[in-house]
Structures are given as C-alpha cells and as structure tokens.
Amino acid sequence: MSEAGRPPDDTPAEDLKDLYDNAPCGYLSLSPDGRVVKLNRTLCDWIGREEDEILGRTVHEILSFGGKIAFETHLAPLLRLQGFVHEIALDLVDARGNKIPVIANAAERRGEGERHLFTRLTVFKAVDRRTFERSLIEARIKAETQARAEHEAIELRDQFIAVLGHDLRNPLAALEAGTRLVKRCEGLGEREHLILREMEGSIARANRLIDDVMDFARGRLGGGLAVQKTADAPLQQALEQVAAESRAIAPRRAFDVSLALERAVDCDADRIGQLASNLMGNAISHGAPDQPVRLEARTTNDEFILSVANGGDPIPAAARARLFEPFYRADFREGQKGLGLGLFIASEIARLHGGTLDVASDERETRFTLTMPRRDPDAGDAAADPA
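### Some points on the sheet that holds strand β1 (residues 26-30)
An order of β2-β1-β5-β4-β3 is seen for the 5 strands of this open sheet, with the pairing classed as antiparallel. Each having just a single partner strand, β2 (36-39) and β3 (84-93) make up the two edges of the open sheet. Taken pair by pair, the neighbouring strands of this sheet meet at an average axis angle of 30 degrees, ignoring direction. Of the strand pairs in this sheet, strand β4 (residues 99-110) and strand β5 (residues 116-125) are connected by 9 bridges, and their pairing is antiparallel. Residue pairing for β5: Ile-103 is matched across the bridge by Phe-124. In the packing of helix α4 (residues 65-82) onto the sheet, the strands contacted are β1, β3, β4 and β5, and the crossing angle to β3 comes to about 160 degrees.

Structure below.
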C-alpha cells in the first residue's frame, strides 16, 4: 500500500453494478404500492425467473401464501410506523412453486416532506436456519407432550397406590384377627403353630408394605411424610419393639441387638422405628441366613447413630448408587422382593430429621447407618439432659 488506508494503484476498482447484481444476498426495491421496481441477478437466480418477468408486478407474486400474510400483517405495518424492519422470516416461491425460506431486512426511502419514494429489501437465504428453528419447535412440542403424558401416568399411579393401600388393610385385618382366634384353639400341634407363625409374619410384612405405599402416596399427593418430633421421645421402647417383631418374623435367624441410648433424642419415635424396621426387613431378606442381623443404636453428645448390618454378598456399586430411589429393587440377590419403597422412605425419614442414611458394603458385611442430630435445631434451646 502506497499510503495507510489506500489500496495499491494496480488494485482494480469495485464495479458497483456488479456488486449489486451478484451480491451474496438478494436485493429488491418496491414502489409505495408494493410493485417491484428493481431486483438483482442473485434474487432472479434464486427464484429461477428473469428480471423482466418480475419488474412492474407486485411483490406478492414471488411470496408464498404465508409470506404474503407476514408481509401485509407484520412487515408493512412496521415499516409505516418506524421506517425499517429487521429479520422478518418469509418464504419466497420459485418458478416451480417451491418455497425458499429467507430472512428479510427492509427500510423505506423517503424524500422531501417524508414522502415515501420506495422500499428497499435485503433478502438472505435461511434454509438451514429455518430448518433448525422448526426442528426446535417440533422437539419442544414433543417434549411437552411427553412431559404431560408422564405427569398423567405418575398421577394415576400415585392415586392407584393410595387406593390400593387403603383397600388392602381390611382383608389383612380380618386375616390377623382370624389367626389370633385360631391360636386360642386347644389341641394345636407344633406344625399348626409353625404355620400360624408364618402367617403372622406374612401379615406383618404385608402391613409394612402397605405402610410404605401409603407413605409414598401421601408424600407424592400431599405435603410429604408426616413427622412429629417430640423431645425425649420413647426411642428405646420403639427400637425394642422393632427387634421383637423382627425375631417373630424370622424366628430362625440370629439377631444381635445393642441399644446404648444414654441421652435423650428429639425425634418422631414411630418414624425412627419405621426406618429401623425397613432396614431390618431388608437385612433379613437379603442377608446371609447363617449370619446374624445386627441392630445397633447409640447417642453421643450431639448425635444419634443407628445402624443395621448383615453378612452376605456385597451390594454392587451400580446398585448402591440407586438404592434410595423409589421403586428401585436390587434384584442382584435371590430372595423376597418388595416394592422398592422401604429404603426410599427410610432415607426420607432420615432427611426429615436433619440426618443422613448411608450404606457401606464389602465382602465382610453390608451396613446401613443413620446419623442425625440428637437435638432438634428448630426447637430452640434444648433442656438439659437428665443426670
């Protein structure tokens, strides 16, 4: 360059007519009544028509039906109001009737006294862009439809669970009453007592399953699990009852129970008992039958810690990652299968007490551990523990 900002002397001058005719976009000029007064070669090539076929005709002749509507209802009114329009989506129509998606910018050329002389349009092909936009719209509609269908399915399932749980209680209550009456009969042998114990265990397990589905349904259809914390809750009694029920359900299993509750715990004792019962039931179902189920509970200055452990094969890492999801059943072991709600509800009870429920599993044992504050932080200053 001979001087800064100036091209060399041998650089050819730009041909403005060629720039207009062969620009990488379409140029179009319209009279105030919408007739084409000038257009470039690029636009003619796009629509496959000669310039003299278009000049003097209305712009509507090269627009699709939708393009005509967009031009009259959107582009033209905005032009009259503000004198320019940016990025209006239109469809041109070529000589064969095929649509050509374009994006148009328009501005009015005005003379003295703001008299409208003509309208200039710059048109850019937008085949890929319009295809992408339409695919996004279709994907959104599909996603919204799928979300509605899933929501309706979940709502129907939850309503079914609530009704099922409620209607199953009556026949189970009748069975429970019947077994109590039969146990009072004289002359029952060891085999009959064994059958009755098995029936009682099955009824107790069915009742726990119903409790789980009802809690889950209340949590989904209502405001969540109901937890009523009490200062100095009778936690020892609740856990001893869980241990006794577990022994009755599985009389052939060995149980090691260690309860060292030296300090009071603010909690919902029934819910903590439910958590322990779910963990015990899980250990009975999936643990090695020749190894004991261990229930341990203790208090520290600040925490209440409860754990349930059993021997047997370790839980695979992939299954551990999903154990606390609702309706997930770890089918890696043979044995009784539940609804996949027990561990989910146990984790919810832990959460509602401000605690956590964790699992550790190896070749030696599988252990679920609840750790939670001993005193409810929302209850204000706690009373001093009894000496």
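Still more to cover.
### As for the packing of aromatic side chains
A full pass over the atoms with the stated rule returns 2 aromatic pairs. Arranged with centres 5.2 Å apart and planes meeting at 15 degrees, the rings of Tyr-20 and Tyr-27 form a pair that is stacked. Aromatic side chains Phe-324 and Phe-368 sit 6.2 Å apart centroid to centroid with 85 degrees between the ring planes, which places their arrangement in the edge-to-face category. Here the residue Phe-324 occupies a position in the loop between α9 (317-320) and α10 (342-352), and Phe-368 occupies one in strand β10 (residues 366-373), the gap between them amounting to 44 residues.

### Description of the sheet that holds strand β6 (residues 255-260)
One open sheet accounts for 5 strands, arranged β6-β7-β8-β10-β9; its pairing is mixed. Across the chains shown, the open sheet's two edge strands, defined by having one partner strand only, are β6 and β9 (356-361). When the angles between neighbouring strand axes are averaged without regard to direction, this sheet yields 10 degrees. Each of β6, β7 (293-299), β8 (303-310), β9 and β10 touches helix α8 (residues 269-286); the most contacted strand, β8, lies at about 20 degrees to it. The strands touched by α10 within the sheet are β9 and β10, with β9 carrying the most contacts at an inclination of about 130 degrees.

### A few points about the nonpolar core
In terms of nonpolar packing, the biggest core is built from 45 residues, with Leu-235, Ile-272, Phe-304, Leu-306 and Leu-370 touching the most fellow members. Of the residues forming this core, the biggest block, 8 residues, is contributed by α8. Filtering out sequence-adjacent residues up to four positions away, Ile-272 remains in contact with Leu-235, Cys-267, Phe-304, Leu-306, Ile-349, His-353, Leu-370 and Met-372. Core analysis: the next-biggest nonpolar cluster, separate from the first, contains 26 residues, Leu-39, Leu-43, Ile-47 and Leu-63 among them.

### Section: helix α7 (residues 235-249)
In this model α7 runs 21 Å from its N-terminal to its C-terminal C-alpha over 15 residues, within 8% of the 21 Å that 1.5 Å per residue would give. Those residues of α7 lying buried are Leu-235, Ala-238, Leu-239, Val-242, Ala-243 and Ser-246. Each buried residue of α7 sits inside an arc of 140 degrees when the element is viewed along its axis, so together they form one side. The secondary structure elements touched by the buried residues of α7 are β6, α8, β7 and β8.

### A few points about the pairing of β3
By the bridge criterion, 8 bridges tie β3 to β4 in an arrangement that is antiparallel. Within β4, the position partnered with Ile-88 by the bridge is Ala-104. Count of turn residues in the β3/β4 antiparallel hairpin: 5 residues, of which Gly-97 carries a positive phi of about 90 degrees.

### What to know about α4
Here α4 spans 25 Å end to end across 18 residues, near enough to the 26 Å set by a 1.5 Å rise per residue. Roughly 40 degrees is the biggest bend found in α4, and it falls at Phe-71. Within the sequence span of α4, burial applies to Gly-67, Ala-70, Phe-71, Leu-75, Ala-76 and Leu-79. The inward-facing, buried residues of α4 abut β1, β3, β4 and β5. Phi turns positive one or two residues past the end of α4, at Gly-83, with a value near 85 degrees.

### Some details on the packing of α8 against α10
Following both chains from N to C, one finds α8 and α10 inclined at 145 degrees, their axes separated by 9 Å at the closest point. Crossing geometry of α8 relative to α10 is assigned as left-handed. Touching Arg-271, Ile-272, Gln-274, Leu-275, Asn-278, Leu-279 and Asn-282 of α8 are Gly-342, Leu-343, Ile-345, Ala-346, Ile-349 and Ala-350, all from α10. Within the contact of α8 with α10, the residues separate by chemical class into 8 nonpolar, 4 polar and 1 charged.

Thresholds applied
- Residues numbered from 1 in each chain as written.
- Predicted model: local features only at pLDDT ≥ 70, side-chain atom pairs only at ≥ 80, totals over all residues.
- Heavy atoms only, no water.
- Pairing = 2+ DSSP bridges.
- Helix = DSSP H or I, 4+ residues; strand = E, 2+ residues; numbered from the N terminus.
- Axes fitted to C-alpha atoms, helices over the stretch in contact; angles between N-to-C directions.
- Contact = heavy atoms within 4.5 Å.
- Phe/Tyr/Trp six-rings, centres within 6.5 Å; stacked < 30°, edge-to-face > 60°.
- Core = buried A, V, L, I, M, F, W, Y, C linked by side-chain atoms within 4.5 Å.
- Buried < 20%, exposed > 50% of the residue type's maximum accessible area, 1.4 Å probe, protein only.
- Expected span 1.5 Å × (residues − 1).
- Arc of directions from axis to C-beta.
- Bend = angle between axes of the 7 residues up to and from the residue.
- Left-handed = near helix turned anticlockwise from the far one by under 90°.
- Nonpolar A, V, L, I, M, F, W, Y, C, P; charged D, E, K, R; others polar.

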